[in-house]
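Listed below, chain by chain, are the residues.
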Amino acid sequence: METSSEDTKSRLHQVIAVEDADQPPKRKKGGLITMPFIIANESLEKVASYGLLPNMILYLMMDYKMSVAKGTNLLFFWSAATNFMPLVGAVVADSYLGRFLTIGLGSLSSLLGMVILWLTTVIPEAKPPPCNPLLSQDCQSPTATQFGMLVLALALMSIGAGGVRPCSQAFGADQVDRRDDPKNERILETFFNWYYATACLSVVIALTVIVYIQDHLGWRVGFGVPAILMFLSALSFFLAFPFYILLKPTKSLFTSFAQVVVAAFRNRQLALPPSSTTTSSSSHVVEYYYHHKKDSTIITPSNKLRFLNKACVVQDPEHELGLNGSAKYPWRLCSVEQVEELKSLIRVIPIWSTGIMMSINTSQNFSFPVLQAKSMDRHLITSSRFQIPAASYGMFTIITIVLWIPLYDRVLIPVASRLRGKPVRLSVKIRMGMGLFCTFMAMVVSGAVENIRRRKAIHEDGGGQAAVVLKMSAMWLVPQYLLNGLAEAFNAIGQTEFYYSEFPKSMSSIATCLFGLGMGVANLLASAILSAVDNITKRGGSSWVSSNINTGHYDYYYWLLAVLSFINWLYYLFASWAYGPCVDKRISKVSDDDEPEPEPKPEPEGNANGTTFELQEYQDQSNGGSQVAVAAPAKSQ
């Protein structure tokens, strides 16, 4: 019977093999063929969305009759939503929809928002009647319906950015990542290089070409072009659907963090031992089991933030652990890895918070400097008719970043290493501190340039209408943009590197989101600071941030930000000192020793009665081989 059964199976496999041979081979999915479609989707979305922001303050002031304070606040809220939504998008993609659907729906949402924004330029009833708010005080404010239509357009674009930006890079990596391919590392490097190169190029095009179109062809064409680009972005993404590798969503890290907090709170009555291993008394021994993943290098939690250790204590292995070693109730019992991931996130929060001030400063680039440049001579050559658009001066920040990175990495560091005769490298925390000092200097210079511009405006026309173009080159604004570029090159890139080096590999997505989260918080704080300055200073007459920049005091506002930036820099020095050495410093201390001595075996821990305990690994065969750490009485010698 067994021989007959085996013969039948053999013939069955042969039939299946013949049928498979007759069928055409399945199309291989993923690979470099998908890269142009994904990069085009991200790049066109960036050109479309970033092209709308620089001139938006002028559109709000001239067409919606908003004051500079109200318009800037609206832009701050829009930027905050755009920076917060990628966090929501990442959770939705990881836990529910997957990256493909999240990017697709995000692209459609951005397209709908841009179409609605374009309709505000086509439909006369969508905005207040024409009126120059700089020359008249009788301009009609937008109605609730008009304002609601504008906010709806901005909200849809923020939702769209939340779907595209956190998933695009990871989705592209999913298509080209082949761990069994010996060329995998090179393919990934090629993808990331093209991804970042096109991202920078997209921002430059947005700040130059799109802004130029808006200045010379009007809002109808200037907002219509981004809508067309966004349509092409969505189309390019969906065209390659048959080639994509679609991965199923998994549990998000945010869910893991929430589980640790909930589990620690539920086990709050559990008394932890003096150390991370065990406790005992003269009458009995209390053993502590720490739940961790199989083959994990971390079997016990650290002593930092010890109250969270209660989340991974196993009190009853038979009832709390499943056959595969996983926790039956993840909201009551977590692994040591989950606890340590949350701890690493909490530890970087003070240093992360110092970057918020830099983002507050750079967020000013699309409001006040645009109005300043509008009142200055923007000709590169006096005899030339060509003028740099007022909103395009932000490109000097991008150019500084693009030029500084290779200059620092390929010229300055090698030269310094050659001069010193040994490798020279600025630590990530030093670079972050330099970036914060650069943003402080950027605000000092911004205030000084505005002070000179304002005094010249008052001297030329007695502080009259802000529409008068001064005989002062707008190139005076370039130094503050250069300093902002250096600040981002040092601090923004340093932050991302810091998070990647300090976090476990499982938290790489969080490392990407943290900087964007800081920008979102910065936009809200920038709005609060601006509103406070406007409300307080206008009690004495003219507001510092008046719509007429000649009667206002933007220089005082910049210097206020400079003072806050200097205080923030001092706070960073303290936070950096309190954090201690980074991973690279801790590793270098070991690698500097040619022959490090073996670490002595730790002595067993004891209690007041002389009973000693040692840490052992406990293999629970009844629960499918799950591993827990247990502190048990030490064997007698």
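Residues numbered from 1 in each chain as written. Predicted model: local features only at pLDDT ≥ 70, side-chain atom pairs only at ≥ 80, totals over all residues. Heavy atoms only, no water.

Participant: Just checking my understanding: could you explain the overall build of the protein for this structure?
Facilitator: Helix and strand counts for the protein stand at 17 helices and 7 strands. Out of the 637 residues belonging to the protein, those deemed buried represent 48%. Considering only intrachain contacts with a sequence separation of at least 6, the fraction spanning at least 24 residues in the protein is 77%. Roughly 32300 Å² of accessible area belongs to the protein as shown, and the carbon and sulfur atoms make up 63% of that amount. (Helix = DSSP H or I, 4+ residues; strand = E, 2+ residues; numbered from the N terminus. Buried < 20%, exposed > 50% of the residue type's maximum accessible area, 1.4 Å probe, protein only. Contact = heavy atoms within 4.5 Å. Areas by Shrake-Rupley, 256 points an atom, 1.4 Å probe, with all protein chains shown as cover.)

Participant: When you look at the side chain of Asp63 in this model, what are you seeing that I'm missing?
Facilitator: With respect to the helices and strands, the residue Asp63 is situated in the loop between helix H3 (56-62) and helix H4 (68-97). By relative accessible area, which is 14% here, Asp63 ends up buried. Beyond its immediate stretch of four places on either side in the chain, Asp63 contacts Leu58, Lys127, Pro128 and Trp219.

Participant: Looking at this structure, I do not really get helix H8 (residues 253-266). What am I missing?
Facilitator: Quick reminder: α-helices carry 3.6 residues per turn. Residues three or four places apart thus point the same way. With 14 residues, H8 ought to run about 20 Å at 1.5 Å a step, and its terminal C-alpha atoms sit 20 Å apart, in line with that. Of the positions making up H8, those classed as buried are Leu253, Ser256, Phe257, Gln259, Val260, Ala263 and Ala264. Angularly, the buried residues of H8 cover 160 degrees about the axis, an arc narrow enough to put them on a single face. (Expected span 1.5 Å × (residues − 1). Arc of directions from axis to C-beta.)

Participant: Just to check I follow, could you spell out empty space enclosed by the protein for this structure?
Facilitator: It is a probe the size of a water molecule, rolled over the atoms, that shows where empty space is left. For the structure on display, the rule yields 1 cavity of 30 Å³ or more. The computed volume of the largest cavity comes to approximately 30 Å³. Taken together, Asn361, Gln364, Asn365, Pro369, Met443, Ser446, Gln480, Asn484 and Tyr558 form the lining of the largest cavity. Sorting the residues of the lining of the largest cavity by element identifies helix H13 (428-461) and helix H14 (478-502) as the ones contributing at least two each. Residue composition of the lining of the largest cavity, grouped by class: 3 nonpolar, 6 polar and no charged. (1 Å grid on protein atoms, 1.4 Å probe; cavity = no way out; pocket = protein on both sides within 12 Å on 5 of 7 lines; lining within 4 Å. Points joined across faces, edges and corners; volume = space filled by probe spheres on them. Nonpolar A, V, L, I, M, F, W, Y, C, P; charged D, E, K, R; others polar.)

Participant: I'm lost on the pairing of strand E3 (residues 289-292) in this one. Help?
Facilitator: Side-chain direction in a regular strand flips from residue to residue, so the side chains alternate between the two faces of the sheet. Neither face of E3 is left uncovered, since the one carrying Tyr289 and His291 and the one carrying Tyr290 and His292 both have all their residues buried. Judged from the 2 bridges that link them, E3 and strand E4 (residues 313-314) form a sheet pairing that is antiparallel. Looking at E4, one finds that Tyr290 is bridged to Val313. (Pairing = 2+ DSSP bridges.)

Participant: Looking at this model, I keep getting lost on the packing of aromatic side chains. Mind explaining?
Facilitator: Enumeration over the complete set of coordinates arrives at 31 aromatic pairs. Taking 5.4 Å as the distance between ring centres and 40 degrees as the angle between the ring planes, the aromatic pair formed by Trp219 and Phe223 counts as tilted. With Trp219 and Phe223 both in helix H7 (residues 184-239) and 4 residues apart, this pair spans about one turn of that helix. For Trp219, a relative accessible area of 18% gives the class buried. The class of Phe223 is buried, set by a relative accessible area of 1%. A connected cluster of aromatic rings, assembled from ring pairs, spans Phe100, Phe171, Phe237, Phe238, Phe241 and Tyr244. In this structure, Lys70 packs its charged tip against the face of Phe147, placed 5.6 Å from the ring centre. (Phe/Tyr/Trp six-rings, centres within 6.5 Å; stacked < 30°, edge-to-face > 60°. Lys NZ or Arg CZ within 6 Å of the ring centre and 35° of its normal.)

Participant: For this particular structure, what's the right way to read the environment of Ser296?
Facilitator: Note that Ser296 resides in the loop between E3 and E4. A relative accessible area of 18% means that Ser296 is categorised as buried.

Participant: When you look at the confidence of the model for the protein in this model, what are you seeing that I'm missing?
Facilitator: Parts of the prediction with low pLDDT should not have their coordinates interpreted in detail. Across the protein, pLDDT averages 79, with 79% of residues at or above 70. Contacts of residues 587-637 to residues separated by more than four positions or lying in other chains number 90 contacts, the stretch itself having pLDDT below 50. (pLDDT = per-residue confidence, 0-100.)

Participant: I would appreciate a short explanation of unusual backbone geometry in the present structure.
Facilitator: Most of the time, phi is negative for any residue but glycine, and the peptide bond is trans. One non-glycine residue, Lys65, adopts positive backbone phi at about 55 degrees. Of note, Lys65 is situated in the loop between H3 and H4. Overall, Lys65 belongs to the buried group, its relative accessible area being 11%. Phi at Leu305 is positive, roughly 50 degrees, even though this residue is not glycine. In this fold, Leu305 is placed in the loop between E3 and E4.

Participant: Mind showing me how you'd approach the packing of H4 against helix H6 (residues 144-176) here?
Facilitator: A pair of packed helices is captured by two measures, namely the crossing angle of their axes and the spacing between those axes. Two numbers describe how H4 lies on H6: the axes approach to 7 Å, and their chain directions differ by 40 degrees. As the angle between them shows, H4 and H6 are arranged oblique. In the packing of H4 onto H6, the handedness of the crossing is right-handed. Residues Leu74, Trp78, Ala81, Thr82, Met85, Pro86, Gly89, Ala90 and Ala93 of H4 form the contact with H6, whose participating residues are Phe147, Leu150, Leu154, Met157, Ser158, Ile159, Ala161, Gly162, Arg165, Pro166 and Cys167. Split into classes, the residues belonging to the contact of H4 with H6 amount to 15 nonpolar, 4 polar and 1 charged. (Axes fitted to C-alpha atoms, helices over the stretch in contact; angles between N-to-C directions. Parallel < 35°, antiparallel > 145°, perpendicular 65-115°, else oblique. Left-handed = near helix turned anticlockwise from the far one by under 90°.)

Participant: Before we go on, may I ask you to explain the pattern of salt bridges in this structure?
Facilitator: If the charged atoms of two oppositely charged side chains come close together, the side chains can form a pair. Applying the stated criterion across every chain yields a total of 6 salt bridges. Taking the shortest distance from any N to any O, the salt bridge between Asp63 and Lys127 comes out at 2.7 Å. Taken together, the residues span a long stretch of sequence, with Asp63 in the loop between H3 and H4 and Lys127 in the loop between helix H5 (99-122) and H6 at a distance of 64 residues. Pair check on accessibility: Asp63 and Lys127 agree, each one buried. The salt bridge partner of Lys343 is Glu340, with a shortest N-O separation of 3.3 Å. Pair noted here: Lys343 and Glu340 are both in helix H10 (residues 336-362), with a separation of 3 residues, about one helical turn. Here Lys343 matches Glu340 in class, with each residue buried. (Salt bridge = Lys/Arg side-chain N within 4 Å of Asp/Glu carboxyl O.)

Participant: Any chance you could explain the packing of H8 against H10 here in plain terms?
Facilitator: In the contact formed by H8 and H10, the axes pass within 9 Å of each other and the chain directions differ by 100 degrees. In terms of orientation, H8 lies roughly perpendicular with respect to H10. Contact with H8, carried on its side by Leu253, Ser256, Phe257, Gln259, Val260 and Val261, involves Gln338, Val339, Glu341, Leu342 and Leu345 of H10 and no other residues of that element. Grouping the amino acids of the contact of H8 with H10 by side-chain chemistry returns 7 nonpolar, 3 polar and 1 charged.

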